[in-house]
Amino acid sequence: MSENQTKYPITGTSLRQTRLELRLTQEELAEMADLQQSHLSEMERGKRTIGPTVRRRLEDALAEARSGFMEYRESIRRAVAQALQEPRLQARSDALLAKTKAQNIEEMAD
């Protein structure tokens, strides 16, 4: 079992769900795993089986994408945290939060 390989088999449904969670298109994942997009589509729909070699390529591609996605997400989190430390943005954020809370209270009262 490779480092990126999971204990659980990849199914078409789980493959599609993971791809969408990582915000990848079929074309992007297929290119990363050195597959044709049409074959990936068939695998996701359960029309084509996922053999051991393709499974390893998909697992490696998904692990690489997940790593990149997590780095991207962390960079966004740091940028937002830094922006919120600016007094002007903090005040706008607080005002927006207060307005949203007030709207939610009004909606619940209706």
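Before any of the text, the structure's been laid out above.
Before going into details, it helps to say that this report is about the structure given with it. Treat the numbers as computed from the prediction; the structure is a model and nothing was measured.

**Here we look at the overall build of the protein**
Part 1 of the reasoning: Along the backbone of the protein there are five helices and zero strands.
Part 2 of the reasoning: Start at the N end of the protein and walk to the C end: the helices and strands fall as α-α-α-α-α.
Part 3 of the reasoning: Expressed as a percentage of the 110 residues in the protein, the buried residues total 23%.
Part 4 of the reasoning: Of all intrachain contacts in the protein linking residues separated by at least 6 positions in sequence, the fraction that spans at least 24 positions is 58%.

**Some thoughts on unusual backbone geometry**
Part 1 of the reasoning: Backbone geometry places Arg23, a non-glycine residue, at a positive phi of 55°.
Part 2 of the reasoning: Along the polypeptide, Arg23 turns up in the loop between helix H1 (12–21) and helix H2 (26–32).
Part 3 of the reasoning: At Asp34, a position not held by glycine, the phi torsion is positive, near 55°.

**With respect to the packing of H1 against helix H4 (residues 52–84)**
Part 1 of the reasoning: It is at 10 Å that the axes of H1 and H4 come closest, and there the two elements cross at 25°. In this view, H1 runs roughly parallel relative to H4, as classed from their interaxial angle. Crossing geometry of H1 relative to H4 is assigned as left-handed. Contacts between H1 and H4 involve Leu15, Thr18 and Glu21 from the former and Leu58, Leu62, Arg66 and Phe69 from the latter.
Part 2 of the reasoning: Of the residues assigned to the contact of H1 with H4, the class counts are four nonpolar, one polar and two charged.

**Quick notes on the side chain of Glu44**
Part 1 of the reasoning: Within the secondary structure layout, Glu44 lies in helix H3 (residues 37–44).
Part 2 of the reasoning: Classification of Glu44 as buried rests on a relative accessible area of 8%.

Criteria and thresholds
- Residues numbered from 1 in each chain as written.
- Predicted model: local features only at pLDDT ≥ 70, side-chain atom pairs only at ≥ 80, totals over all residues.
- Heavy atoms only, no water.
- Helix = DSSP H or I, 4+ residues; strand = E, 2+ residues; numbered from the N terminus.
- Buried < 20%, exposed > 50% of the residue type's maximum accessible area, 1.4 Å probe, protein only.
- Contact = heavy atoms within 4.5 Å.
- Axes fitted to C-alpha atoms, helices over the stretch in contact; angles between N-to-C directions.
- Parallel < 35°, antiparallel > 145°, perpendicular 65-115°, else oblique.
- Left-handed = near helix turned anticlockwise from the far one by under 90°.
- Nonpolar A, V, L, I, M, F, W, Y, C, P; charged D, E, K, R; others polar.

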